[in-house]
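# An overview of the molecular structure
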Amino acid sequence: MQAINPIDPNTNKAEKYQLLLKQAEAIVSSESDLIANMANLTALLKDTFNWFWIGFYRVDSSANQLILGPFQGPLACTRIPHGKGVCGEVWATGTTQIVDDVNAHPNHIACSSLSQSEIVVPITDEAGEIIAVLDIDSDTLATFDEVDGEYLQQLVDLLK
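The name recorded for the protein in an unreviewed UniProt entry is GAF domain-containing protein, from Psychrobacter sanguinis. Regarding the protein, the UniProt comment filed under Sequence similarities (unreviewed entry) reads as follows: "Belongs to the free Met sulfoxide reductase family."

## A closer look at the packing of aromatic side chains
Applying the stated rule across the entire model yields six aromatic pairs. Considering the side-chain rings of Tyr 17 and Phe 49, the 4.7 Å spacing of their centres and the 40° angle between planes classify their relative orientation as tilted. With Tyr 17 in helix 1 (residues 13–29) and Phe 49 in helix 2 (residues 34–49), this residue pair connects regions lying 32 residues apart in the sequence. The same class applies to Tyr 17 and to Phe 49, which are both buried. Ring centres of Trp 51 and Phe 144 lie 5.3 Å apart, and the angle between their planes is 65°; this geometry places the pair in the edge-to-face category. With Trp 51 in the loop between helix 2 and strand 1 (53–60) and Phe 144 in the loop between strand 6 (130–138) and helix 4 (146–157), this pair connects stretches of sequence that are 93 residues apart. On the accessibility criterion, Phe 144 (4% relative accessible area) is buried. One aromatic cluster is present, formed by Tyr 17, Phe 49, Trp 51, Phe 144 and Tyr 151 through successive ring pairs.

## Looking at the side chain of Lys 46
Mapped onto the elements, Lys 46 comes out in helix 2. Put simply, Lys 46 is tucked away with no salt bridge, and the nearest opposite charge, on Asp 139, sits 8.0 Å away. Excluding its chain neighbours within four sequence positions, the residues that come into contact with Lys 46 are Trp 51, Phe 52, Ile 54 and Gln 72.

## Points about the side chain of Ser 117
Within the secondary structure, Ser 117 is located in strand 5 (residues 117–124). At 2.7 Å, the side chain of Ser 117 forms a polar contact with the backbone oxygen of Thr 140. A polar contact of 3.3 Å, which involves the side chain of Ser 117, links it to the side chain of Thr 143. Setting aside chain neighbours within four positions, we find Ser 117 in contact with Val 99, Asp 100, Val 102, Ile 136, Asp 137, Ser 138, Thr 140, Leu 141, Ala 142, Thr 143 and Phe 144.

## Digging into the state of the cysteines
The tally for this structure, following the rule as stated, stands at one disulfide. There is a disulfide in this structure between Cys 77 and Cys 111, and the S-S distance comes to 1.8 Å. One disulfide, between Cys 77 and Cys 111, carries an S-S torsion of -120° and so falls in the left-handed class. Residue Cys 77 is located in the loop between strand 2 (65–72) and strand 3 (79–81), and its partner Cys 111 is located in the loop between strand 4 (97–99) and strand 5; the two are separated by 34 residues in the primary sequence. Considering cysteine sulfurs only, Cys 111 is the nearest to Cys 87, which forms no disulfide, with 7.8 Å between them.

Criteria and cut-off values
Starting from 1, residues in each chain are numbered consecutively following that chain's sequence as written. Restriction of local features to residues with pLDDT of at least 70 applies here, the model being predicted, together with a cutoff of 80 or more for giving and counting side-chain atom pairs; totals for whole chains, interfaces and linings are based on all residues. The side-chain values count all of the structure's non-hydrogen atoms but skip hydrogen atoms and water molecules. UniProt positions are given in the numbering used here, feature names are shortened, and annotations may be inferred rather than shown by experiment. Each aromatic pair joins two rings of Phe, Tyr and Trp (for Trp, the six-membered one) with centres within 6.5 Å, and gets the label stacked for planes under 30 degrees apart, edge-to-face for over 60, and tilted for any other angle. Only DSSP runs of H or I with at least four residues qualify as helices, and only runs of E with at least two residues qualify as strands; both kinds are numbered from the N terminus onward. Burial status follows relative accessibility: with a 1.4 Å probe on protein chains alone, a residue under 20% of its type maximum counts as buried, one over 50% as exposed, and anything between as partly exposed. For the charge count, each Lys or Arg is scored as positive and each Asp or Glu as negative, with His and the chain ends excluded. Salt bridges are defined by distance alone: a side-chain nitrogen of Lys or Arg within 4 Å of a carboxyl oxygen of Asp or Glu. Whether two residues touch is decided by their heavy atoms; if any such pair falls within 4.5 Å, the residues are in contact. Residues adjacent in sequence count toward polar contacts only when both atoms are side-chain atoms; beyond that, a polar contact is any pair of N or O atoms within 3.5 Å, and within protein one must be able to donate a hydrogen and the other to accept it. Two cysteine sulfurs form what is called a disulfide whenever their separation falls within 2.5 Å.

Here you go:
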């Protein structure tokens, strides 16, 4: 596989996402393994945006938990119960959540005290069942907005 050219850091956010999506499509279209694709997407997001923590949590229905998947960043929580924390809430509701200040969120699970804001996006299979969530943390407040939500949903839809 060819090396991917980095995206110019001076590019605006929407343009970064558009370029990232093209790269992600090329990566995902040539690989069928979900875990391999998740691993490469976390690396692509980290290289593009350099957020504090980027990773996936996979649904384990038999244990009613999310289990840590591929990620970039410091150590993370390994298991999250259904409905607990922002990731568990997204699994329960099926809707993206943007949290401007994790310290003000009553159900937040603090895997790191350095995390200040967060976005979590549900990932569904072809049947519409949630199979995982994409969790991204920033070490600054109010990092994420609807632009992030829109493009990150497009990104995770590539995993279907």
